[in-house]
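What follows is each chain in one-letter form.
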Amino acid sequence: MHVRSGQAALAAGALLLFVALIFAAGCSGPSPGSVPPTPLYTPQTTILINGGGVNPQIMVIDKGVTVTWLNLDMGIHTVTSDPGDPDSFTTPPLTNNHRYQFTFTLPGTYSYHCTDNPAIKGTVIVRS
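Residues numbered from 1 in each chain as written. Predicted model: local features only at pLDDT ≥ 70, side-chain atom pairs only at ≥ 80, totals over all residues. Heavy atoms only, no water.

A. Local environment of the sheet that holds strand E2 (residues 53–55). Pairing is mixed across the open sheet formed by four strands, whose spatial order is E2-E1-E4-E6. With one partner strand each, in any of the chains shown, E2 and strand E6 (99–103) form the two edges of the open sheet. Within this sheet the neighbouring strands show an average axis-to-axis angle of 20 degrees, counted without direction. The pairing of strand E1 (residues 46–50) with E2 spans three bridges and is antiparallel. Within E2, the position partnered with Ile-49 by the bridge is Val-54. (Pairing = 2+ DSSP bridges. Helix = DSSP H or I, 4+ residues; strand = E, 2+ residues; numbered from the N terminus. Axes fitted to C-alpha atoms, helices over the stretch in contact; angles between N-to-C directions.)

As C-alpha cells, this is what we get:
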C-alpha cells in the first residue's frame with residue numbers, strides 16, 4: 001500500500017510538470033502585434049554578391065520590403081544606387097559574409113552597382 005501511494009504521487013508530479021511545461025511553452029511566443037526580426041537570409045529578399053556578379057540580377061518586390069545584400073565573395077564590395085533612382089542608397093565596404101539591408105519605400109526601378117567591380121550590378125523593381 002505504501003508503494004502504491006508513492007507511485008501515485010510520482011505520476012501526479014509528472015502530470016503537474018507536463019501541464020506547467022505546456023503552459024510555459026504557450027506563453028513564450030511573440031506578443032500580438034510584434035514584428036519578428038529580419039532574418040539574415042531569406043531567398044525571396046536576399047541578393048548574393050560574388051566576384052562574378054549578383055544573384056538574382058533582377059529582383060521584384062512590393063513597396064515596404066527590406067532587401068539584404070550578402071557578400072559571399074572574398075573581395076570587398078559596395079552596393080550603390082545609380083543616379084536617377086527614386087531613392088538612393090550606398091553600403092559601407094562589405095567584406096566576406098557581411099550584409100547590408102535597405103527598405104524600399106518608394107515604388108520604381110532601382111539599378112545599382114559596385115563601385116570597384118563593374119560585373120556586380122543589378123536591378124530591384126519595387127511595385128506599389
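B. Main features of the sheet that holds strand E5 (residues 80–81). Pairing within the open sheet is mixed, and its four strands lie in the order E3-E8-E7-E5. In this open sheet, the two edge strands, each paired with only one partner strand, are strand E3 (58–62) and E5. As paired strands, E5 and strand E7 (residues 108–113) are joined by two bridges and run antiparallel to one another. Note on E7: the bridge partner recorded for Thr-80 is His-113.

C. Fine view of the packing of aromatic side chains. Taken as a whole and judged by the stated rule, the model has eight aromatic pairs. A ring pair is formed by Trp-69 and Tyr-112, whose centres lie 5.3 Å apart and whose planes are at 80 degrees; its orientation type is edge-to-face. With Trp-69 in strand E4 (residues 66–71) and Tyr-112 in strand E7, this residue pair connects regions lying 43 residues apart in the sequence. Tyr-112 shares its class with Trp-69; the two are buried. On the basis of an interplanar angle of 35 degrees and a centroid distance of 4.7 Å, the ring pair of Phe-89 and Phe-102 is categorised as tilted. Taken as a pair, Phe-89 in the loop between E5 and E6 and Phe-102 in strand E6 lie far apart in primary sequence, 13 residues in all. Its relative accessible area of 5% is what places Phe-89 among the buried residues. A connected cluster of aromatic rings, assembled from ring pairs, spans Trp-69, Phe-89, Tyr-100, Phe-102, Phe-104, Tyr-110 and Tyr-112. (Phe/Tyr/Trp six-rings, centres within 6.5 Å; stacked < 30°, edge-to-face > 60°. Buried < 20%, exposed > 50% of the residue type's maximum accessible area, 1.4 Å probe, protein only.)

Functional significance is not addressed by these values, which are geometric in nature.
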